[in-house]
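Now for the letters of each chain:
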Amino acid sequence: MIDIENKVFQSVINKVSVSFPFIRTYNDSLPAKPQFPCIAIDEADNYVYERTQDSGSLENHAIVIYEVNIYSNKTSGKKDECKQIQAIVDGEFSRLGFTRTSTVPMFLNNSTIYRLVSRYTGCVSKDGEICRR
């Protein structure tokens, strides 16, 4: 399996932390009592790109999908804060070679928490290079 999860996580978190130094980061689901604002990045899928398999059925490329959840519970401006964080995340995933395939906004906990859920897809080689089509 081609695994670039740590590389992607660190790259995105390092970029976000420049503008939001106190943001909490998670590489999977949120803990029972998260602190806000926070971001959770998880590799949602990783599968063989069959078109580049060789005769030995070896994996030469993989399709990887990352899900990014951004949360804010500010009394005023929670939606704007999430959008500011999202813009940084989006720029870094794009720079890495990923394509954003969806972004879904939602309110949680009687509208006290705002959440943006985005998915990014990319094709990565066994050498760790992310390829655009």
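From a predicted model like this one, the values you see are computed outputs, not experimental measurements.

**Topic: helix α2 (residues 78-96)**
Consideration 1: For α2, built from 19 residues, the straight-helix expectation of 27 Å at 1.5 Å per residue is met to within 8% by its first-to-last C-alpha distance of 27 Å.
Consideration 2: Of all the positions in α2, only K78, E81, C82, I85, Q86, I88, V89, E92, F93 and L96 are classed as buried. On an axial view of α2, the arc spanned by its buried residues comes to 165°, and they lie on one face. Exposed residues on α2 whose side chains face more than 90 degrees from its buried face are A87 and R95.
Consideration 3: Residues of α2 that are buried in the fold lie against α1 (5-19), β2 (38-48), β3 (61-72), β4 (99-108), β5 (113-125) and β6 (130-131).
Consideration 4: Backbone geometry just after α2 places G97 at a positive phi near 110°.

**Considerations on the packing of α1 against α2**
Geometrically, a packed helix pair is captured by the angle between its two axes and the distance between the axes.
Consideration 1: Look at α1 against α2: their axes get within 9 Å of each other, and the N-to-C directions meet at 140°. Here α1 lies oblique to α2, going by the angle between them. In the packing of α1 onto α2, the handedness of the crossing is right-handed. Contacts between α1 and α2 involve V8, S11, V12, K15, V16 and S19 from the former and I85, I88, V89, E92, F93, R95 and L96 from the latter.

Procedures and definitions
- Residues numbered from 1 in each chain as written.
- Predicted model: local features only at pLDDT ≥ 70, side-chain atom pairs only at ≥ 80, totals over all residues.
- Heavy atoms only, no water.
- Helix = DSSP H or I, 4+ residues; strand = E, 2+ residues; numbered from the N terminus.
- Expected span 1.5 Å × (residues − 1).
- Buried < 20%, exposed > 50% of the residue type's maximum accessible area, 1.4 Å probe, protein only.
- Arc of directions from axis to C-beta.
- Contact = heavy atoms within 4.5 Å.
- Axes fitted to C-alpha atoms, helices over the stretch in contact; angles between N-to-C directions.
- Parallel < 35°, antiparallel > 145°, perpendicular 65-115°, else oblique.
- Left-handed = near helix turned anticlockwise from the far one by under 90°.

Remember, this is a structural readout, not a statement about activity or role.
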